[in-house]
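# Chain and residue survey
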There are 2 protein chains.
Amino acid sequence: MRHWSKGIRLGRTTLAPGPATIPHRYFSATAPQNNLQAPKLDPTMATSTTKTGQPLDRPVLDSMLRRRMFYTPAFEVYGGVSGLYDYGPPGCSLQANIIETWRKHFVLEEDMLEVDCTMLTPHEVLKTSGHVEKFADWMCKDPKTGEIFRADHLVEEVLESRLKGDKEARGQKVEIDEEKEAKRKKKAKDIKALKLDDSVVKEYEEILAKIDNYDGGELGLLITKYNITNPTTGGNLEPPVAFNLMFQTSIGPSSNLAGYLRPETAQGQFLTFQKLLDFNQQSMPFASACIGKSFRNEISPRAGLLRVREFLMAEIEHYVDPEGGKKHPRFDEVADVKLVLLDRKVQLSGSTNTTEMTIGEAVKSGTVDSETLGYFIARIHLFLLRLGTDPKKMRFRQHMANEMAHYAADCWDAELLTSYGWIECVGCADRSAYDLTVHTRKTGAPLFVRETRNEPLKIEEWQVDIDKKKFGPRFKKEGKTVEAAIEALDQEIREKLSLDLEKNGKIELEVPGTETGKVAIDKDLIKIEKRTRTEHTREYTPNVIEPAFGIGRILYSLMEHVYWSREGAEERGVLSFPPPIAPTKVLLVPLSGGHPDLKPLVKRLSQKLRRLGISNRVDDSGASIGKRYSRNDELGTPLGITVDFQSVHDNSYTLRDRDSTKQVRSDEDTICRAIQSLIEGQKTWADVQKELPEFTQQELD
Amino acid sequence: MRHWSKGIRLGRTTLAPGPATIPHRYFSATAPQNNLQAPKLDPTMATSTTKTGQPLDRPVLDSMLRRRMFYTPAFEVYGGVSGLYDYGPPGCSLQANIIETWRKHFVLEEDMLEVDCTMLTPHEVLKTSGHVEKFADWMCKDPKTGEIFRADHLVEEVLESRLKGDKEARGQKVEIDEEKEAKRKKKAKDIKALKLDDSVVKEYEEILAKIDNYDGGELGLLITKYNITNPTTGGNLEPPVAFNLMFQTSIGPSSNLAGYLRPETAQGQFLTFQKLLDFNQQSMPFASACIGKSFRNEISPRAGLLRVREFLMAEIEHYVDPEGGKKHPRFDEVADVKLVLLDRKVQLSGSTNTTEMTIGEAVKSGTVDSETLGYFIARIHLFLLRLGTDPKKMRFRQHMANEMAHYAADCWDAELLTSYGWIECVGCADRSAYDLTVHTRKTGAPLFVRETRNEPLKIEEWQVDIDKKKFGPRFKKEGKTVEAAIEALDQEIREKLSLDLEKNGKIELEVPGTETGKVAIDKDLIKIEKRTRTEHTREYTPNVIEPAFGIGRILYSLMEHVYWSREGAEERGVLSFPPPIAPTKVLLVPLSGGHPDLKPLVKRLSQKLRRLGISNRVDDSGASIGKRYSRNDELGTPLGITVDFQSVHDNSYTLRDRDSTKQVRSDEDTICRAIQSLIEGQKTWADVQKELPEFTQQELD
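Residues numbered from 1 in each chain as written. Chains lettered and ligands numbered in written order. Predicted model: local features only at pLDDT ≥ 70, side-chain atom pairs only at ≥ 80, totals over all residues. Heavy atoms only, no water.

## Remarks on the relation of the copies chain A and chain B
- Expressed as a screw transformation, the operator carrying chain A onto chain B has a rotation angle of 180 degrees and an axial translation of 0.0 Å, and the superposed copies differ by an RMSD of 0.2 Å. Considering both components of the superposition, the chain copies are consistent with a two-fold axis. When C-alpha positions in chain A are compared against the rotation axis, the closest is assigned to Thr249(A), at 2.6 Å.
- When the interface residues of chain A are mapped onto chain B, 100% of them again lie at the interface, so the same face is used by both copies. (Least-squares fit on C-alpha atoms with pLDDT ≥ 70 in both. Contact = heavy atoms within 4.5 Å.)

Structure representation (C-alpha cells):
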C-alpha cells in the first residue's frame, strides 16, 4: 500500500546538494508519475470528472484540444519529438491571459521587481547551485538494442504489469489506464495472466509505494532480484547510471565555455540580488519575479503537456529577513482564506485525508512554517481560483522531510486533480539562505543585506593584537600565513590561548603551510584580551520564499477543470473559461454567412470591440448558426453576437451566453457595454439577463 | 569609399541555400558592423543626437541605463558571458509594453493566428531549411594562443587601425569610437602612426567598403596579402573556416537526436501551416505570428544590446496567393502613409540619399514589389512611431540583390539611427514559396492550399493509357518501375513518343532500374492521346511575406531616441517614453519621506491607480523631492503625484509632467481621471494643463 500519493513534481525542489541529507533522493530530479495511481487511494476521487460531474473521457477531450489547436505536437510533419509541443492560437492566447493575470495578481499587486534573465547559463553557475552534480535521473541501457529506460519507471511498469496479470489470473477486475495501456502495447509483451504468491504481491506493492525513494544502486538490485528485463525483447539491462537532465551546449566558438539551458529561472534571479537590492534602495523585504522558458531533457516524456522538455515557468523569489519569525505585513489580508491542506503528519500516518482550515489557523498551529510562506500559499490559492480552477479539485500538499532539499525549511505544493491524478502545479518552498550563500561563497560577491542597526550592538569578545614590527622579522616570509591562522581562530580557542599566554609566556599553534607546520609565539609579539566591540551595522543573508508556477501544467489542468459536454442531439464539448481568461472573448456570427447586407455591420462591431480591447473573431462560414456556436463552445469563447437582418433595420443584436446558451437582445451600445462589464468581471451573465430582454429564438442546428 | 551603409542585420535574410546564387554571401549569416562607420557617409548625420538635438554621449547614457537597471550583463558576479544580458525591472516592463503594443497593432488588429513554437528544434528541420549548411560566419584561429577571431571583423579592424595610423602620421584629426577603442586597447597594440602610400590607402578603403561581400577563401587571401596577424602577439593565423552560429545540443538520453536552439521562430511557424489553414477554415490569405527567444552563437559579440546571443523576436508569416499580383485588401488604409526610402538603385549609384514618398506611390512605381509587402512596410512604420521612435531617425532600406536569399522577391529593412549608426531593427521580406516548398519536398506533408475553382479549368494534355492486363505478363517484376517511368514523362516527351508510336508501332525508353536500362513497348500495350482534362480544384503553395522584429534592437534604439539631458545645476538624464510605453506610469512622492500622516494617502492612491490598471511606484525615501523626481526622469516615468500636508486636509494633489516639469493641482478623482486619459493617449499634457489649475511651487533640489 502506498503511504501517500504525489503529483508530478516540478522537480527542482527535490534537488539536494548536500550528500547524505536526503537518503535515496539525490538524483530523483523529477519524480516518477506514481500520481497515475493516486486516485485509487481516495475512493471519492476514483474517477476524474468534468466540470458538471460527468465521467471525464480523456481521449475525447484530448482530440478536441488538438482539433481546435489548443496544442499540437511540435515538428509533427517531421515525425515529432516527444516532450515538445507547440501552442496553437487558442492555447497561445490562453497562455497569454494566464500570464497577464499572474502579472497583475503578483507582480503589480505586490510591487515585485520583474527581471528577464537569459536561458543560456554557464556551467560554473549551475555547478555552484548543485545542478551539474545532482540534477539527474537513473537510466538503464539495453546493450543489445541500444534502448534506454528510465529505471524507476521501468521497475514500476513491470511490477504493475505483473500485478495486473495476477489479478486477471485470480479473476478480479482490472482497471486500465488507456494511455499507459497504449504505450505498453507498443513496447511490451501482453500482460500474462499469471498468479503470484500472496507474499510476492505484498512485496511488489510495498516496492511500488516506495518507488520514489530508491537510488540507482537500489534500483539496480531490484532489477536483478525481480529479473526485470527489456519488456520487448527480454534482454538483460546494464545497471542504472545517472543521466543529467540539463540540455548542454557550448557558448562561443572555442567550445571552452560549457553551458546549459536553465532548468529553472531561479538561479538567474539570485545572481541579480545585489543589484535589485540597490534598485529597491536597500529596502527589505522585496521580491523578484521572472517569467520564461526552462528546459529538462526528460529520459522518456509522457503524460502530454504535463511532462515536457521545454516549459514556461513563472517564479518568484521573495527575500525576507530570517530574524523576527518571517512575518508578513499583509498577512491579515489573507488570514481568513480557507484552504484544503494535506500536511506531512497525515501523510506519514498513511492517509490522504485533507483538512480544511484558514491559513491563519495553519500558521498559528505551526502546520505552515511562517506567515510569509502562509501568505504566498493563500495568494497562490486565490490566483488559481481567479483562473477558474475547481476548488474541489485543489489541495496543498506539504513535502515530506525526505522530499525536500536539506536546506529547505518547509515546502507546500498546490496540486490540481486531473485525469492523471493529483498534479503539482505550483511549488511554494522556503529555500532558506542556501542559494545566496553558495553563490557568495563561490564568487565573493556580497549577496547579502547590510543595514544600520537602530541600536548599536555591543559584543564582548576575545581580540588578538599582534606587534607587527616584531612579527615580520620573526616569521619572515611565513608572517602572512601565521597572521591569517591567528585571525581565523574562534572565540573558544582564543580564550584558551589567552590562558596559555598568561601561564607559559607563549602560545603554540599548528599552522599548515609553514615549514614545520607549527609555530610558537612569545608574549612580546602577541596580546589576547577580552574587550567590548560596538557594531553599528548588521549583515545578514536573506531567506528566500519561492513560489514557482508551472504554467503549462496549470493551463492543462485548467482545461480539464472547465471542460464538460453538453447533451443534445449529439454531445458537444464546452470549455467554460471565465471571461477574463478565455482565449477569445466574443464570436461574431452573421446569420447568413457572407451576406453583403450583414458584412458592414459585422466589420463595424468587430472594430468597435477591438478598440475596447476585446478580442473577437468572425465566423461567416456557411455552416448553420448552431454548428458555428458549437465550434465556438469548444474554443471556450464566452459570448456570441448574432447579426441578423433585423440588425440591418434597427441596429439591435443578440448576445449569447456560452454556458447557458441563453440569449438577450438590445442595441449596439448596450450590448457592447454589457460585454465589457462581463469581460472585466464587474457583472455576471445573471445580471445581464435581468437587465436586458430575453431572446428566445431557437438556435438552428 | 563605401557604396552604401548598412545596419547590423538580423542576419537570416542573408541565408542562401542555393549555391552560386548569391556570390560572396553564402556564409555571412550575420553582417559585420560596418554600420559603425555609416554616419561618416552622411554628413548631416555625422554625430548622433539626443531627442532634443544635443550630441549624444553614449557612455553617459549607458551608465545611466545600467544604474537604473534597464539592463545588466548576465552572470556578472561570475565574470559575465559576452553577448548575454538580463533586463532589470524597467527594461523588463518596457519590453512587456513593446510586446503588448505589437500584439495589439499586429495580432489583434489583423486577426493573426499567434502560435508558440518550441525553441529546441531537431537537426532535420534546420537541415532542410538550409541553416545547418549555411548559417555560419568565417573564423580564424591562432594555433599558438588558441584565440579565435571573426575573419571579416579582424580584417576590418586591422585595416581601419592602419588607416588611422596613416592619418595620424599625416597630422589629420582622428575620430575615435570609444567602445571600439576600449576593445582594441584590451587586445591589440597601440595604433602606430605610420604613413601609407596613397595607393594603399585607396586599396584599404575599397576593401572596407566591400567587407560584407568576401567569402572565406577571399578573406584568407586578404589576410595573407596584407600580412594580417593576431593583433596582440603578431602570430600567424590559420585560414578562415566556417563556424555554424547555431547552439547545438542533443535531445533525449541516447544522444542520437541532434538538435539546435532555433535561430529564428520562422521554421516552427512554417511547419504548422497546414493546421493553421484548417484552423482558419481553409480561408486565405492569413498570417501566423510568434513571439519568443531565438539564439545565435556569435563568434565575438559586441555593440551591447544590439548583437547578443539570446534575443527576443516577434515574427509574422503572412501567407498570400502568388497569383493576382499579391494585392492586399486593406492597402487603401495605408496608401497615404509617407515613408523615407533608400532603394536599391540609389544604393547602387553609390549614394545614401533617401526619398520621401507614400507607400501608395512606392508600390505603383514598382519601387516596392507588391501591395502586400508595401502594406506591411507601412504598418511597421506606424508601429515604430507608436513606440515613440523619432521619424527623422527612421528609414526603410531595400536589400541589394546580393544581400537577399536567392528565393526572395524583395526585402526592406526598417533601420533606426543610433550612436552605432543605422541599425536594422525590422526586416520585411517576401520569401516567396521557398520554405513551404522545401519542407513539403522533404516530408511529403501537404504544405499548400487546395481550393475549389470558381470556374473549372480545362487543360489539354497528352495522356498515356497502359493495357495493364498485357503489361504485367510482358514486364513481370519490372512492371512497376516501367509504369512509374512512363507516368513521370513530361508533356513534350509524351508528344514526341506519340509520333514514334504512330510511325514505328513501338516506343523505346531508357528506364534506370531495369535489367538492361532500356525497354521497348509495342503499341498494343500503350496508347498516347491528346485529351482535355477538367480541373475543379487548384493547388498552390502560398508565398510568404515576413516582417521580422528584433525586439531588443528596437528597445535599445528607442531608448536612444527618447533620451535627452535636462540642463540645470547639474545635467540630468530624461527618457521621454510615450505614456503607454513607459515602464511605470506614475511615481507617488510623499513630500516628507515616510511621514505617518502621508502614508495612508499614498497607500490609498496607489491601490486606486492599480485598480485602474495603472502601474505606479512609491518613493518615500529621505531624498529631496527634486532628487526623487530626477531619479524618476531617468526611469522615464511620465507622471508624478506629490502628496503633501495640504493633501491631508483637502484631498488635493499635485500632478507633475516629466517632460515639461510643469505641475497642476486638483482633487483625487480629477487627478486620477487626468492620469487615465494621458496613459490611454486620449489627452496630451497640454490638454490637462488647460483644464486644471497650475501649481507653481518650485521643485526642491
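Read on for the rest.
## Digging into the packing of aromatic side chains
All names here are of chain B.
- Enumeration according to the criterion identifies 32 aromatic pairs over all chains in this entry.
- Judged by centre distance (5.6 Å) and plane angle (55 degrees), the ring pair of Phe106 and Phe383 falls under tilted. Taken as a pair, Phe106 in helix H3 (residues 89–108) and Phe383 in helix H15 (residues 371–387) lie far apart in primary sequence, 277 residues in all. Of the two residues, Phe106 and Phe383, neither departs from the other in class, the shared state being buried.
- A ring pair is formed by Tyr204 and Tyr226, whose centres lie 5.4 Å apart and whose planes are at 85 degrees; its orientation type is edge-to-face. Of this pair, Tyr204 sits in helix H8 (residues 198–209) while Tyr226 sits in the loop between helix H9 (216–225) and strand S7 (241–244); the two residues are 22 residues apart in sequence, bridging distant segments of the chain. (Phe/Tyr/Trp six-rings, centres within 6.5 Å; stacked < 30°, edge-to-face > 60°. Helix = DSSP H or I, 4+ residues; strand = E, 2+ residues; numbered from the N terminus. Buried < 20%, exposed > 50% of the residue type's maximum accessible area, 1.4 Å probe, protein only.)

## Some thoughts on the sheet that holds S7(B)
All names here are of chain B.
- Strands sit in the order S6-S5-S7 across an open sheet of three strands; the sheet is antiparallel. A single partner strand is all that each edge strand has here, and the edge strands are strand S6 (148–150) and S7. Between one strand axis and the next, the sheet turns through 50 degrees on average, direction left out of account.
- Two elements, strand S5 (residues 136–141) and S6, share three bridges in a ladder whose sense is antiparallel. Its bridge partner lying in S6, Lys141 is registered against Ile148.
- Strands in contact with helix H6 (residues 151–169) are S5 and S6; relative to S6, the strand with the most contacts, it is inclined by about 80 degrees. (Pairing = 2+ DSSP bridges. Axes fitted to C-alpha atoms, helices over the stretch in contact; angles between N-to-C directions.)

## Some points on the interface of chain A and chain B
- Contacts between the two partners involve 76 residues from chain A and, on the opposite side, 76 residues from chain B.
- Carbon and sulfur atoms make up 63% of the area that chain A and chain B hide from each other, which totals about 6,500 Å².
- Linking chain A with chain B are six salt bridges, by the criterion used here.
- Its salt-bridge partner being Lys293(B), residue Asp116(A) comes within 3.5 Å of it at the nearest N-O pair.
- Scanning the region where chain A abuts chain B turns up 28 residue pairs in polar contact (both at pLDDT 80 or more).
- At seven residues, the largest contribution of residues to the side of chain A that touches chain B is made by helix H3 (residues 89–108) of chain A. (Buried area = accessible area lost by both parts, 1.4 Å probe. Salt bridge = Lys/Arg side-chain N within 4 Å of Asp/Glu carboxyl O. Polar contact = N/O pair within 3.5 Å; in protein donor to acceptor, adjacent residues only side chain to side chain.)

## Overview of unusual backbone geometry
- In this structure, the amide linkage connecting Met284(A) to the following residue, Pro285(A), adopts the cis form with an omega of -10 degrees.
- The phi dihedral of Asn227(A) is positive, around 50 degrees, even though this residue is not glycine.
- Among the structural elements, Asn227(A) can be located in the loop between helix H9 (216–225) and strand S7 (241–244).
- Asn227(A) sits in the exposed class, given a relative accessible area of 51%.
- Positioned with a positive phi, Met69(B) is a non-glycine residue whose angle comes to about 60 degrees.

## Some words on the packing of H3(B) against H15(B)
Residue and element names in this part refer to chain B.
- Look at H3 against H15: their axes get within 11 Å of each other, and the N-to-C directions meet at 145 degrees. At the point where H3 passes H15, the crossing takes the right-handed sense. Counting all contacts with H3, which are made through Ile98, Thr101, Trp102, Lys104, His105 and Phe106, the residues of H15 involved are Arg379, Ile380, Leu382, Phe383, Arg386 and Leu387.
- For the contact of H3 with H15, the per-class residue count stands at seven nonpolar, two polar and three charged. (Left-handed = near helix turned anticlockwise from the far one by under 90°. Nonpolar A, V, L, I, M, F, W, Y, C, P; charged D, E, K, R; others polar.)

## Digging into the pattern of salt bridges
All names here are of chain A.
- In total, this model carries 106 salt bridges over all chains according to the counting rule given.
- Among the salt bridges present, the one from Glu323 reaches Arg538, with a minimum N-O distance of 3.7 Å. With Glu323 in the loop between strand S11 (310–320) and helix H12 (331–334) and Arg538 in strand S20 (residues 526–540), the pair connects residues that are 215 residues apart, well separated along the chain.
- By relative accessible area, Glu323 is classed as exposed at 56%.
- Several salt bridges share partner residues, and in doing so they unite Asp137, Arg150, Asp152, Glu298 and Arg307 into one network.

## Comments concerning the domain arrangement of chain A
- Each assigned domain of chain A is listed here: domain 1 (12–135 + 245–437 + 543–549), domain 2 (140–244), domain 3 (451–539) and domain 4 (584–695).
- Here the C-alpha centre of domain 4 of chain A lies 54 Å away from the C-alpha centre of domain 2 of chain A. (Domains from an automatic or database assignment.)

## Considering the environment of Leu499(B)
All names here are of chain B.
- Position of Leu499 relative to the elements: it lies in helix H19 (residues 491–504).
- Given a relative accessible area of 52%, Leu499 falls into the exposed group.
- Residues Leu499 and Ile528, 29 residues apart in the sequence, show an inter-C-alpha distance of 9.1 Å.

## Looking at a nonpolar patch on the surface
All names here are of chain B.
- On the surface, Leu591, Phe645 and Val648 cluster together into a nonpolar patch covering about 210 Å² of accessible area.
- Turning to its location among the elements, Phe645 is positioned in helix H23 (residues 645–650).
- Exposure remark for Phe645: the relative accessible area of 32% places this residue in the partly exposed category. (Patch = residues over 30% accessible without salt bridge, like charges linked within 9 Å, V, L, I, M, F, W, Y side chains within 5 Å. Areas by Shrake-Rupley, 256 points an atom, 1.4 Å probe, with all protein chains shown as cover.)

## A short note on the side chain of Lys293(B)
- Position of Lys293(B) among the secondary structure elements: in strand S10 (residues 286–295).
- Among the polar contacts made by the side chain of Lys293(B), one reaches the side chain of Glu310(B) at a distance of 3.4 Å.
- Excluding residues within four positions of it along the chain, Lys293(B) makes contact with Asp116(A), Cys117(A), Met119(A), Met119(B), Arg262(B), Glu310(B), Phe311(B) and Leu312(B).

## Things to note about the packing of H3(A) against helix H20 (residues 551–562) of chain A
Residue and element names in this part refer to chain A.
- Following both chains from N to C, one finds H3 and H20 inclined at 110 degrees, their axes separated by 11 Å at the closest point. One way to sum up the angle between H3 and H20 is to call them roughly perpendicular. With respect to the hand of their crossing, H3 and H20 are arranged in right-handed fashion. On H20, the residues touching Gly91, Leu94, Gln95, Ile98 and Ile99 of H3 are Ile551, Leu555, Leu558 and Met559. (Parallel < 35°, antiparallel > 145°, perpendicular 65-115°, else oblique.)

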